Amino acid sequence: MINKYQGSLSERLFDWFNYVFMALFSLVCIYPFYYVLIYSISNPRLASKGIYFFPAEFDFDSYIKVLSLNTIPHAFLVSLEKTVIFTVLCVYFSSMLAFLFTKRVMPFRKTMYRFVISSMYLNSGLIPWYITMKTYGLRDSFLLYVLPGIINAFYIILIKTYIEQMPSSLEESAQMDGAGFLTIFNRIIFPLSRPIVATVAVYASVGCWNTWIDNYLLVDNEKLQTIQVILFAYLNEAQGMATDLMTMVTNANSGRQLQLSPETIKMSITVISVLPIILVYPFLQKNFIKGIMLGAVKG
Amino acid sequence: MTYKSNKTGWRYFLIAMPFMIYVTAFYFVPLFGWIYSFYNYNPALSFSQLQFVGFDNFMKMYNEWSEIYRVLKNTLAMSVLSILVTPLPLVAAIMLNEVKHDKFKRFIQTVTTLPNFISWIVVFALTFAVFSNEGLYYTLLRNLHLDVPVIGIMGNNGATWFFQLGLSVWKGIGWTMIIYIAAIAGIDNEQYEAARIDGAGKFGLMRHITIPGLAPTFFVLLLLQISNLLNNGFDQYFVFYNSLVADKIEVLDFYIYKVGWLVSDYSYATVLGMVKSLLGIALLFAVNYLSRKTKGESLL
């Protein structure tokens, strides 16, 4: 490919530099993930002396420990559950409202659309949000994870733009056959919007998987803890340890002995908490690039 | 509007109603909480029992100006720094566009956007693994028999702003790069062909076609960033907070959390949040006005 196009010397130098630079750039982005992975499956004693490219003696003890700690598999399941339920609700209902907004015959269409879009810019702030959620009785409730955010103005803009580009004859013919609103939406519009629906599903699910502030502020129930908050709790403990270590430099050696195993455990939890994202997202990449293109055209 | 379509129209309207109620409940009802800025909020009391204090909570902003000044300085420093690096993803996208091997290109895209999809907690976990005193970086220095500072970069007060900037660039650059790649794909191919016929080389194409073609996207992203001057987010500063870097990492969003949560001054935190939101909206409208004046295009 490169040889086909014979550029000047400076252009070929640029190409060369460009490939090296891009390779390094990719490395910087991916290496921390890789490092945490090889550390988590290495012998902790050897790993702490420095590992760079390969695991030092495979050792899955930390995973066995982590998974036998009931809280972590449980938190993982809670995260998974809330992500799946939220994504389904968010994608379905945001699409339905977006579809309604394409209906020119609907009275007050523009007013309602502006009303929904303005929700994107109005932010009540932390405390009023907290008080409202508490008043709704969502404290210590699973619903807190899945109810707020189902209708998302940004997703609605994306989906509405997409639906507007579809030929209207599809819908008209179904209407002739006597199909009602829900039938048209469920059977025709929703399935045909797959590229944008997939994009929105990626945004929504990744967002939901990563959110933890709701859990952190409003949920104390151990049974409802998400993996992010559990990970943070473990890390924080370590951070406390690290600051203690810095103030007591003299005790550093004895401290290090203690820290060995927790270090590996932390890395294992990190791996577990990013695993779903790493496994799922490369497959959806093609879709969200399309989605961004729609967004970029709009912007 | 004919009679028949009007009837279906009202049916759609009825279907839309529950959605409007939902939006009101979850986006607009919380705004009524702003009223607590005029009261002395106490979670144990009902609304009628609360003591009305007028603008007392607003006066607090004036009285604690030195605190607010410090926090604002951090907020603006981080925002301005991230505005200064807005050309980075643009440059990276132009370079990525020059990669002609499709597989390599897709690999770079996949790998560089990955950090965008992880939470700040995970970013913190990775940073800790790499930059803590026992982490990769200092272990490597030790193994190379180089000097290792007693206090690592995560606790280095003087480096905080730049370290946090680096982290947010690392997390976000791949994603923004894809937005530019999408915009490059939108540039008319004929322009490139015409320029090539006119004898433009690789750099000529970049300078005369790609960069001007990306300017509108760049401008929009820049304006959005300016309108978010006071919003640097909360997660990042919350997870990287430690006592050593406290006075450099406290941005507005973090400070509001601190006042509300750790000090339990709900009313004052509400005031700060409200003022921040209103300033943010004002900024957004100002930027939008500028955009309409200069480009004839509206952002909103």
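What you see is a predicted model, and the numbers here were worked out from it, not measured in a lab.

**Some words on the overall build of chain B**
What chain B contains, in helices and strands, is 14 helices and 2 strands. Computed over its C-alpha atoms, the radius of gyration of chain B comes to 25 Å, more than 25% above the 19 Å expected for a compact globule of 300 residues. In terms of principal-axis extent, the alpha carbons of chain B reach across some 80 × 80 × 35 Å. Pairs at least 24 residues apart make up 63% of the contacts formed inside chain B by residues separated by at least 6 positions.

**Concerning unusual backbone geometry**
Positive phi, normally seen in glycine, also occurs at A:Glu57, with a value near 55°. Structurally, A:Glu57 can be placed in the loop between α2 (44–47) and α3 (61–68).

**Some words on helix α5 (residues 102–113) of chain B**
Look at α5(B): 17 Å from first C-alpha to last across 12 residues, which is about the 16 Å you get at 1.5 Å a residue. Along α5(B), the positions that sit buried rather than exposed are B:Lys105, B:Ile108, B:Gln109, B:Thr110, B:Val111, B:Thr112 and B:Thr113.

**Observations concerning the UniProt feature "transmembrane region" (unreviewed entry) in chain B**
Residue and element names in this part refer to chain B. As annotated by UniProt and renumbered to match this structure, "transmembrane region" (unreviewed entry) occupies residues 12–36, 76–96, 117–141, 161–187, 208–230 and 266–290. For residues 76–96, the helix share is 90%, the strand share is 0%, and the end-to-end C-alpha distance is 31 Å. Helix makes up 100% of residues 266–290 and strand 0%, with an end-to-end C-alpha separation of 36 Å.

**With respect to the pattern of salt bridges**
All names here are of chain A. On inspection of all chains with the given rule, the structure shows 11 salt bridges over all chains. Here Glu171 makes a salt bridge to Lys103, at a shortest N to O gap of 2.1 Å. Of this pair, Glu171 sits in helix α9 (residues 169–176) while Lys103 sits in the loop between α4 (71–101) and α5 (109–118); the two residues are 68 residues apart in sequence, bridging distant segments of the chain. Summarising the burial analysis for this pair, Glu171 and Lys103 share the class buried. Here Glu164 makes a salt bridge to Lys160, at a shortest N to O gap of 3.3 Å. Highlighted residues: Glu164 and Lys160, both in helix α8 (residues 153–164), separated by 4 residues, approximately one helical turn.

**Some words on the packing of helix α3 (residues 65–84) of chain B against helix α8 (residues 160–185) of chain B**
Residues and elements named next belong to chain B. The contact between α3 and α8 brings their axes to 10 Å, and the two run at 45°. The angle between α3 and α8 places the two elements in the oblique class. Crossing handedness for the pair α3 and α8: right-handed. Contacts between α3 and α8 involve Lys73, Asn74, Ala77, Met78, Leu81 and Ser82 from the former and Trp161, Phe162, Gln164 and Leu165 from the latter. Residues of the contact of α3 with α8, tallied by class, amount to 6 nonpolar, 3 polar and 1 charged.

**A look at the packing of aromatic side chains**
Considering all chains together, one arrives at 61 aromatic pairs over all chains under this definition. Aromatic pair A:Trp212 and A:Tyr216: ring centres 6.0 Å apart, planes at 80°, arrangement edge-to-face. Ring plane angle 65° and centroid distance 6.2 Å describe the contact between B:Tyr36 and B:Phe47, whose orientation is recorded as edge-to-face. Placement of the pair is B:Tyr36 in the loop between α1 (3–28) and β1 (39–40) and B:Phe47 in the loop between β1 and β2 (51–52), with a sequence separation of 11 residues. The class for B:Tyr36 is buried, based on a relative accessible area of 14%. A:Lys160 extends its terminal NZ or CZ atom over the ring of A:Tyr113, reaching a point 4.3 Å from the ring centre.

**Some words on the UniProt feature "domain: ABC transmembrane type-1" (unreviewed entry) in chain B**
Feature annotation in UniProt places "domain: ABC transmembrane type-1" (unreviewed entry) on residues 72–287 of chain B, given in this structure's numbering. With 74% helix and 0% strand, residues 72–287 of chain B has end C-alpha atoms that lie 20 Å from one another.

Thresholds, definitions, all that
- Residues numbered from 1 in each chain as written.
- Chains lettered and ligands numbered in written order.
- Predicted model: local features only at pLDDT ≥ 70, side-chain atom pairs only at ≥ 80, totals over all residues.
- Heavy atoms only, no water.
- Helix = DSSP H or I, 4+ residues; strand = E, 2+ residues; numbered from the N terminus.
- Rg over C-alpha atoms; globule rule 2.2 N^0.38 Å.
- Contact = heavy atoms within 4.5 Å.
- Expected span 1.5 Å × (residues − 1).
- Buried < 20%, exposed > 50% of the residue type's maximum accessible area, 1.4 Å probe, protein only.
- UniProt positions renumbered as here; feature names shortened; annotations may be inferred.
- Salt bridge = Lys/Arg side-chain N within 4 Å of Asp/Glu carboxyl O.
- Axes fitted to C-alpha atoms, helices over the stretch in contact; angles between N-to-C directions.
- Parallel < 35°, antiparallel > 145°, perpendicular 65-115°, else oblique.
- Left-handed = near helix turned anticlockwise from the far one by under 90°.
- Nonpolar A, V, L, I, M, F, W, Y, C, P; charged D, E, K, R; others polar.
- Phe/Tyr/Trp six-rings, centres within 6.5 Å; stacked < 30°, edge-to-face > 60°.
- Lys NZ or Arg CZ within 6 Å of the ring centre and 35° of its normal.

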